[in-house]
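As a plain string of letters, each chain reads:
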Amino acid sequence: MGLLLCALVGVELGGIVAGIMSTDTATGVVLTVVGANLAPWTAMGGFVLLYRGRRRAPEVKQAPPRLEPAVARIESSRAVGEGPDIPLSLDLTVAPADAPAYRAEATAVVNLMDLDDFRVGRTVVVDHDPLRPWDVRVRTRPDGEWAGRLAVARIDTAPPESRRTEPPRPAGAAGPTGTARIGMVAIAAGAVFSLVPFHGYY
């Protein structure tokens, strides 16, 4: 219904153009006035229905993350803020216990006093999701068991081609921007097709 209303807006805009260009003054006035009065309300109704329809569309539910601990080597560390608690952007080689090591990016907020523990080449404890390996979360204060593992962990740098990143979202999940784009396409289509019946008026 929303697409039909948006297409109708295009027809009404075509009617306005036909009215302005019409050689028949009376017909031109009618087309222009009717189109100018109806188009804003039709457009509003069409976009509202489109937006509501996309919000009601079923979404793919993702399983909650199943985080597992692992050790990781810091390949690069860059501060992206200032303060006593410093946000860091980290490039890591993550080494799960039962899977090959891979590269991934993560962030961590580190106290200034602990900053030395996050230099390049240091080993940290992370939680990662085996189903979504790009989801890596750094433990800034690991417990005693994992702190002991850090002391003996030796991790080789994983190759760049092993990097795991979040896949792009499907084009259909564009949200408000995608809804507006669909509505504008429908309006343009309605305007183009309206040129045929209105052609005789100018």
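Residues numbered from 1 in each chain as written. Predicted model: local features only at pLDDT ≥ 70, side-chain atom pairs only at ≥ 80, totals over all residues. Heavy atoms only, no water.

**Let's talk about the confidence of the model for the protein**
- Confidence in the prediction of the protein, expressed as mean pLDDT, is 75, and 52% of residues score 70 or more.
- By mean pLDDT, the top-scoring element of the protein is strand S2 (residues 85–95) (95), and the lowest-scoring one is helix H4 (residues 176–198) (58). (pLDDT = per-residue confidence, 0-100. Helix = DSSP H or I, 4+ residues; strand = E, 2+ residues; numbered from the N terminus.)

**Describing the pairing of strand S1 (residues 68–79)**
- Across six bridges, S1 lies against strand S4 (residues 123–129) in antiparallel orientation. Looking across to S4, one finds that Glu-68 is bridged to His-128.
- As judged from the eight bridges shared by S1 and S2, these two strands associate in the antiparallel manner. Looking at the pairing, Ser-77 lines up with Leu-90 of S2. (Pairing = 2+ DSSP bridges.)

**Quick notes on the nonpolar core**
- Grouped together as the largest cluster of nonpolar side chains are 18 residues, with contacts concentrated most on Leu-92, Val-94, Val-126 and Val-138.
- Looking at this core, the elements with two or more residues in it are S1, S2, strand S3 (102–111), S4 and strand S5 (132–139). (Core = buried A, V, L, I, M, F, W, Y, C linked by side-chain atoms within 4.5 Å. Buried < 20%, exposed > 50% of the residue type's maximum accessible area, 1.4 Å probe, protein only.)

**Side note on the side chain of Arg-103**
- Inspection of the secondary structure puts Arg-103 in strand S3.
- Its relative accessible area of 10% is what places Arg-103 among the buried residues.
- Within the structure, the side chain of Arg-103 is placed 2.8 Å from the side chain of Asp-91, a separation counted as a polar contact. (Polar contact = N/O pair within 3.5 Å; in protein donor to acceptor, adjacent residues only side chain to side chain.)

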